[in-house]
Amino acid sequence: QVQLVESGGGLVQPGGSLRLSCAASGSIFSINAMGWYRQAPGKQRELVAVITSGGRTNDADSVKGRFTISRDNAKNTVYLQMNSLKPEDTAVYYCKAGIARVGVPTFFDYWGQGTQVTVSS
């Protein structure tokens with residue numbers, strides 16, 4: 001069994017900052033890419049940022065220069081530092097990870113349960 005648990009969401013004023021965390025746990029053999037996605041009401045889920053096991057990153061144009069994705073491989077955890085937040089960043093944020101379980105030599109995508117981020121004055 002593998003679980004992804006997100007934390008760090010909340011209510012913040014425009015221009016503020018939040019740091020999201022997502023920790024993977026369970027019978028994990030290996031993790032390749034980890035990423036953050038978001039879904040606003042009435043909109044499709046979209047990629048925010050992704051990071052490979054080697055640390056290469058790719059960010060959506062809408063968050064470039066404001067959000068930074070990072071990971072701690074020893075802790076099986078991915079982070080999203082969000083600065084200069086705007087009302088349009090309001091959404092449920094989900095983490096996703098490609099994980100191979102112990103004894104299963106195939107990577108599958110696992111999702112967290114989501115954490116709400118609301119940017120409002």
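To be clear, the structure that these remarks concern was listed above.
Residues numbered from 1 in each chain as written. Predicted model: local features only at pLDDT ≥ 70, side-chain atom pairs only at ≥ 80, totals over all residues. Heavy atoms only, no water.

J.: Just give me the short version of the nonpolar core, but keep the residues and values in it.
T.: Side chains that are nonpolar tend, in soluble globular proteins, to be buried together. Core analysis: the largest hydrophobic core is formed by 30 residues, its most contacted members being Trp 36, Leu 80, Met 82, Tyr 93 and Ile 99. Looking at this core, the elements that each hand over two or more residues are β1 (2-7), β3 (18-26), β4 (28-39), β5 (46-51), β7 (67-72), β8 (77-82), β9 (91-101) and β11 (115-119). At five residues, β9 tops the list of elements feeding residues into this core. With residues up to four places along the chain from it excluded, the contact list for Met 82 reads Gly 16, Ser 17, Leu 18, Leu 20, Arg 66, Phe 67, Tyr 93 and Val 117. (Core = buried A, V, L, I, M, F, W, Y, C linked by side-chain atoms within 4.5 Å. Buried < 20%, exposed > 50% of the residue type's maximum accessible area, 1.4 Å probe, protein only. Helix = DSSP H or I, 4+ residues; strand = E, 2+ residues; numbered from the N terminus. Contact = heavy atoms within 4.5 Å.)

J.: A description of unusual backbone geometry should follow, citing residues and the corresponding values.
T.: If you check the backbone angles, Asn 76 has positive phi at about 50 degrees while not being a glycine. Within the element layout of this structure, Asn 76 appears in the loop between β7 and β8. Positive phi is not limited to glycine here, since Ser 84 has a value of about 50 degrees. Relative to the assigned elements, Ser 84 resides in the loop between β8 and β9.

J.: Outline the pattern of salt bridges, listing residues and values.
T.: All chains considered together, the criterion is met by four salt bridges. Taken together, the shared-partner salt bridges in this structure form one network comprising Arg 38, Glu 46, Arg 66 and Asp 89. (Salt bridge = Lys/Arg side-chain N within 4 Å of Asp/Glu carboxyl O.)

J.: Any details on the state of the cysteines? Residues and values, ideally.
T.: Overall, the coordinates contain one disulfide when judged by the stated rule. Across the disulfide, Cys 22 is cross-linked to Cys 95 (sulfur-sulfur distance 1.9 Å). A torsion of 40 degrees about the S-S bond marks the disulfide between Cys 22 and Cys 95 as right-handed. Of the two residues, Cys 22 sits in strand β3 while Cys 95 sits in strand β9, which places them 73 residues apart along the sequence. The same class applies to Cys 22 as to Cys 95, namely buried. (Disulfide = S-S within 2.5 Å.)

Any link to function would need more than the numbers given here.
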